[in-house]
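Architecture and fold: a report
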Amino acid sequence: MKVVVLGFDGMDPTFLNKAKSHRDLPAFDRLDDTGAYSTIDSSVIPISPAAWSSVLTGTNPGKHGIYDFVTRTDAESTEFDVVSAADRCAPAMWDYLNELGYRVGVVGVPVTYPVDEFDGFVVSGFPTPNVEGSYAPESLAEQSPVDMDELHPDVLYTGTNRDAFIDDQFRLWDAVERFHEFALTDLDWDVYTCVFKGTDDIAHVCWDEEPLYEVYERADRVLDNTISYLESLEEEYLLIVTSDHGFGPVDKTLFLNNALIDMGYVDLKRSVGTRLRSALHSRGGNLLNAYRLLSKLGVAGEVLSLSYGDSRLGSTLEWLREKLLLGTEDIDYDRSDCFSMGNFGQIFLQDESVQDELVDDLLGYRVDGEPIIDRIYTATEEFHGDEADRAPDLMLETPGYRYVTSRGFALGTDSILTDHVLQRTADHKPTGVVFAAGDPVEPSTELGGPTLEDILPTVMSALGEPLPAFVDGSPFGCLTESGASTVRQFDFTTDRSDRDGYADEKVKDQLESLGYTS
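As a starting point, this report considers the structure included with it. (Residues numbered from 1 in each chain as written. Predicted model: local features only at pLDDT ≥ 70, side-chain atom pairs only at ≥ 80, totals over all residues. Heavy atoms only, no water.)

Another point: the packing of aromatic side chains. Across all of its chains, the model carries 22 aromatic pairs by this definition. Aromatic side chains Tyr96 and Phe490 sit 5.0 Å apart centroid to centroid with 75° between the ring planes, which places their arrangement in the edge-to-face category. Here the residue Tyr96 occupies a position in helix α5 (residues 93-99), and Phe490 occupies one in the loop between β23 (487-488) and α18 (505-513), the gap between them amounting to 394 residues. For the residue pair Tyr96 and Phe490, the accessibility class agrees, reading buried in each case. (Phe/Tyr/Trp six-rings, centres within 6.5 Å; stacked < 30°, edge-to-face > 60°. Helix = DSSP H or I, 4+ residues; strand = E, 2+ residues; numbered from the N terminus. Buried < 20%, exposed > 50% of the residue type's maximum accessible area, 1.4 Å probe, protein only.)

Printed below as a string of structure tokens:
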């Protein structure tokens, strides 16, 4: 049995159907006829690090410990570091499968840098700061049809360099596609996972425009070639095609900390500097207005590019921003009941006793007579495991997920709701797609309301192996035979205490260019 998990980051079910009606996508049409299909729920925060980590581990974020592209330095901290694979606290698919004698390949899965070394091969996904530590074994560099540094992005999006960004995304897609074909046919594997990220990154900047239709056509080509190869083998196979979340248009940026200030849950420092910045802020001297002015002058991209680097001028601009413009560093965390940090309405409580009142106030809060929050999820209800204490306490669902709570512009204006900033036309939605096809799959059957945690158990079950006792998911309902009744306790330990994360400036720049960090 060969198993392939083919990922298209951010592929959206509604847009996939639209693309199929406007373009020729024969491989996806074929999956509709010969496989099983369902929408799939993303992680509660529909963001790639949490979602793909659940695919790799079969667990909820409360066990694997990754909730975002940043992570709290400890459970009570107001400081956040860039997340890395070192922060993953649950065994991954290669741990289980190697233990059972299977060889594993993993390419392009987000938050796998620095890579683990295991029986098989691996190339890290986004974000990756350096070629060093991005692949294993070292012999891959000699075998690969592309240079290993070609498998990562070169151009950072600044809001004004869309064409260059899209060109680089297609260059990157071509490189990953060539490596994928090489990995399929020339490398030794029993279970192989490959994720293409262009379906996400291009959707951010040109929703429902020609480049996005083109990238879905490319995804169909990848799928067709993958199916053709699997069918050429003289053995059974299982193919799972999945996205980690969906996608869709966004209308507004929600400045959640401003709403929390207005409701009395967040206080600013009383220092002279904060008071001066606050006074300037209320008179229009804020980050958002500065960005809009630079955009009108045609230099916003150049200034943002400087801020992404480690040049002296970039450092000077950052210093001036901190000195002149109000930011999250002006929040008095000791006096505040909570604060918001993230792109999807994440709220961290400083005083847990206010949770119920805060939930009621948020659901009742109105801007121009309209609610800004449709639903609120709590960490205690959504997560369980040893790493649940690092989760945001509250996670918000805005109307239709059409408002993004900007991280980089967290206190960038004195408004609550503005037109969306940074010229990103779309963002993540909570519902993705999943297909299953191959010998163990009963065509046109129900998958059983799948979640991302179900993918690893489905792989194990299709191989006829016991399910790890630690996982949260269960096999898809479309399998003709299932070993789901057999459970095995694997003796792996994942101690976070001896792991050092990293705060590489290149990674920070990659994340900031897509709005994931400030």
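Our next topic: the side chain of Thr57. Along the chain, Thr57 turns up in helix α3 (residues 48-57). Of the residues examined, Thr57 reaches a relative accessible area of 0% and is grouped as buried. Excluding residues that lie within four positions of it along the chain, Thr57 makes contacts with His64, Arg88, Ala90, Pro91, Ala92, Tyr96, Leu456 and Val471. (Contact = heavy atoms within 4.5 Å.)

Moving on to the pairing of strand β21 (residues 431-438). Most of β21 sits out of view: six of its eight residues are buried. Strand direction decides the pairing type here: strand β2 (residues 36-41) and β21, joined by six bridges, are antiparallel. Bridge pairing links Thr39 to Val433 in β21. The pairing of strand β9 (residues 237-242) with β21 spans five bridges and is antiparallel. Bridging across to β21, Leu239 finds its partner in Ala437. (Pairing = 2+ DSSP bridges.)

Spatially, β12-β13-β17-β16 is the arrangement adopted by the four strands of the open sheet, whose pairing is antiparallel. This sheet does not close on itself; its edge strands, each paired only once, are β12 (338-340) and β16 (375-378). Direction aside, the axes of adjacent strands within the sheet are offset by 25° on average. Two strands pair when backbone bridges link them, and strand β13 (residues 346-349) and strand β17 (residues 394-397) are joined in this way by two bridges, in the antiparallel orientation. Note on β17: the bridge partner recorded for Ile347 is Leu394. Taken strand by strand, helix α10 (residues 256-263) contacts β12, β13 and β17, and its axis lies near 155° from that of β12. Each of β12, β13, β16 and β17 is contacted by helix α15 (residues 355-364), which is oriented at about 160° to β16, the strand it contacts most. (Axes fitted to C-alpha atoms, helices over the stretch in contact; angles between N-to-C directions.)

Among the structural elements, Pro249 can be located in strand β10 (residues 246-249). With relative accessibility at 27%, the residue Pro249 sits in the partly exposed group. Linking Pro249 and Tyr401, residues 152 residues apart in sequence, is a C-alpha distance of 8.6 Å. When residues no more than four places from it in sequence are discounted, the contact partners of Pro249 are Trp207, Tyr401, Arg402, Thr425, Ala426 and Lys429.

What follows concerns the nonpolar core. Nonpolar side chains tend to gather and get buried jointly when the protein is soluble and globular. Phe8, Phe28 and Phe179 are the most contacted members of the largest nonpolar core, which has 57 residues in total. Looking at which element gives the most residues to this core, the answer is helix α7 (residues 162-186), with eleven residues. Setting aside its immediate chain neighbours within four residues, Phe8 contacts Phe28, Trp173, Phe196, Thr199, Ala219, Val222, Val241, Thr242 and Ser243. Ile40, Val195, Cys478 and Phe490 belong to the second largest nonpolar core, which has 42 residues in total. (Core = buried A, V, L, I, M, F, W, Y, C linked by side-chain atoms within 4.5 Å.)

Taken as a whole and judged by the stated rule, the model has 24 salt bridges. Where Glu231 meets Arg30, a salt bridge forms, and the shortest distance between an N and an O atom there is 2.4 Å. Here Glu231, found in helix α9 (residues 210-232), pairs with Arg30, found in helix α2 (residues 26-34); they are 201 residues apart in sequence, far enough to count as distant. Look at Glu231 and you get partly exposed, because its relative accessible area is 41%. The closest approach of N and O atoms between Arg221 and Glu177, which form a salt bridge, is 2.7 Å. Note that Arg221 is positioned in helix α9 and Glu177 in helix α7, a separation of 44 residues in sequence. Given a relative accessible area of 37%, Arg221 falls into the partly exposed group. Under the relative-accessibility criterion, Glu177 is labelled buried at 7%. A single network of salt bridges, built from pairs that share partners, joins Arg23, Glu210 and Glu217. (Salt bridge = Lys/Arg side-chain N within 4 Å of Asp/Glu carboxyl O.)

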